[in-house]
Amino acid sequence: MFFHAHPDDEALLTAGTMAMLAAEGHRVVLVVATSGERGQADVEPGEALGATRMAELYASAAALGCARVVNLGYADSGLAPGGGVADDRPDGAFIDADVEEAAGRLAAVLTEEKADLLTTYDPAGGYGHPDHVQVHRVGGRAAEIAGTAIVLEATVNRDPLLRGLRLARRFYPQLDIRAFERAYSPGDVITHRVAVRRFARQKRASMAAHASQATGADTRTLGVMLKIPRPLYRLIFGTEWYVRRDAPLGSRLRHPFEVPPKG
Ligand SMILES: [Zn+2]
């Protein structure tokens, strides 16, 4: 089970792993906390954007071979200008949800699916969106309640990401990479490096499904990513990274279900 904050987060972080596990015959379930109705787009934020983004999520899930999509139905907390928690967030925002209550609801899906594995986010919530930090809290607690054996925190190895973005900036000088310099995780805390190059086509299809997030403004991350030439794309997006807290630091695991060495 792959737990994400908003539609399109799965495309950037875990799409290759999802396609790989589905191809191996696993039942892959995608859960989002919100429909992303306060995301950046050319249309006004609101209910219609949420419906559009959920339709995009279903298309992405189909491209990746997911068996089921679940939306926990919280309101997208949005992002304050310059980052952080927005003051004008709506009632029912995911960031305001009681962790125990939200975790109980996610745990019910984990139990129903008899899930062997749950992915959440690193404690920083990747680039720091409040809903992503909340995914870390809620996901970790849900796995405790449901007794889920394996919890992987989806992240990005900051080191090659920065190298790739600096390269991309040569072609797209407007790309602002400062936000990425403190985001995600440094390579030395990452326990899993999952090779997903064989699933680059599915991952690209997943990204392309999120059209509302990839068109218009040139500076949107997804839009920039989709403009990257294919050979470079395979290089940057050929690996997905996870941190498993109960695996010894320095583990170099290759598959989500690989048993970690004794610490
Ligand atoms: Zn998100």
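Everything numeric here is computed off the predicted structure, so don't read it as measured data. (Residues numbered from 1 in each chain as written. Predicted model: local features only at pLDDT ≥ 70, side-chain atom pairs only at ≥ 80, totals over all residues. Heavy atoms only, no water.)

(A) Structural view of the layout of surface pockets. Of the pockets and cavities examined, the second largest pocket occupies roughly 190 Å³. Met1, His26, Arg27, Ala115 and Asp116 are, among the 13 residues lining the second largest pocket, the residues nearest its centre. Looking at the lining of the second largest pocket residue by residue, the classes come out as eight nonpolar, one polar and four charged. (1 Å grid on protein atoms, 1.4 Å probe; cavity = no way out; pocket = protein on both sides within 12 Å on 5 of 7 lines; lining within 4 Å. Points joined across faces, edges and corners; volume = space filled by probe spheres on them. Nonpolar A, V, L, I, M, F, W, Y, C, P; charged D, E, K, R; others polar.)

(B) The environment of Val99, seen in detail. Along the chain, Val99 falls in helix α4 (residues 99–113). Between the C-alpha atom of Val99 and that of Val151, which follows or precedes it by 52 residues, the distance is 17 Å. Residue contacts for Val99: discarding those within four places in its chain leaves Gln134, Arg137, Val138 and Arg141. (Helix = DSSP H or I, 4+ residues; strand = E, 2+ residues; numbered from the N terminus. Contact = heavy atoms within 4.5 Å.)

(C) Region of the structure containing the coordination of the zinc ion. Coordination of the zinc ion by the protein involves His6 (ND1), Asp9 (OD), Asp9 (OD) and His132 (NE2), with metal-donor separations of 2.0 to 2.4 Å. Because the angles between the four donor atoms bound to the zinc ion fall within 56 to 143°, the donor set is best described as irregular. The sequence motif formed by the donor residues of the zinc ion is H-x2-D-x122-H. By relative accessible area, which is 5% here, His6 ends up buried. Judged by its relative accessible area of 6%, Asp9 falls in the buried class. (Donors = N, O, S within 2.8 Å, 3.2 Å for Na, K, Ca; no water. Tetrahedral: all angles 85-135°; square planar, octahedral: opposite > 155°, others 65-115°. Buried < 20%, exposed > 50% of the residue type's maximum accessible area, 1.4 Å probe, protein only.)

(D) Molecular detail of the packing of helix α3 (residues 47–64) against helix α7 (residues 200–209). With their axes 8 Å apart at the nearest point, α3 and α7 run at an angle of 170° to one another. Accordingly, the angle class assigned to the pair α3 and α7 is roughly antiparallel. The residues of α7 that touch α3, namely those facing Glu56, Ala59, Ser60, Ala63 and Leu64, are Gln202, Lys203, Ala205, Ser206 and Ala209. (Axes fitted to C-alpha atoms, helices over the stretch in contact; angles between N-to-C directions. Parallel < 35°, antiparallel > 145°, perpendicular 65-115°, else oblique.)

(E) Representation of the pattern of salt bridges within the structure. Counted under the stated rule, the structure contains 13 salt bridges. In this structure, the salt-bridge partner of Asp8 is Arg53, at a minimum N-O distance of 3.5 Å. Within this pair, whereas Asp8 is found in the loop between β1 (2–4) and α1 (9–13), its partner Arg53 is found in helix α3, the two being separated by 45 residues in sequence. Here Asp8 falls in the buried class, since its relative accessible area comes to 9%. According to the relative accessible area criterion, Arg53 is buried, its value standing at 2%. With a shortest N-O distance of 3.9 Å, Glu181 and Arg166 are connected by a salt bridge. Placement of the pair is Glu181 in the loop between α6 (158–171) and β6 (192–195) and Arg166 in helix α6, with a sequence separation of 15 residues. Take Arg166: its relative accessible area is 41%, and that puts it in the partly exposed class. (Salt bridge = Lys/Arg side-chain N within 4 Å of Asp/Glu carboxyl O.)

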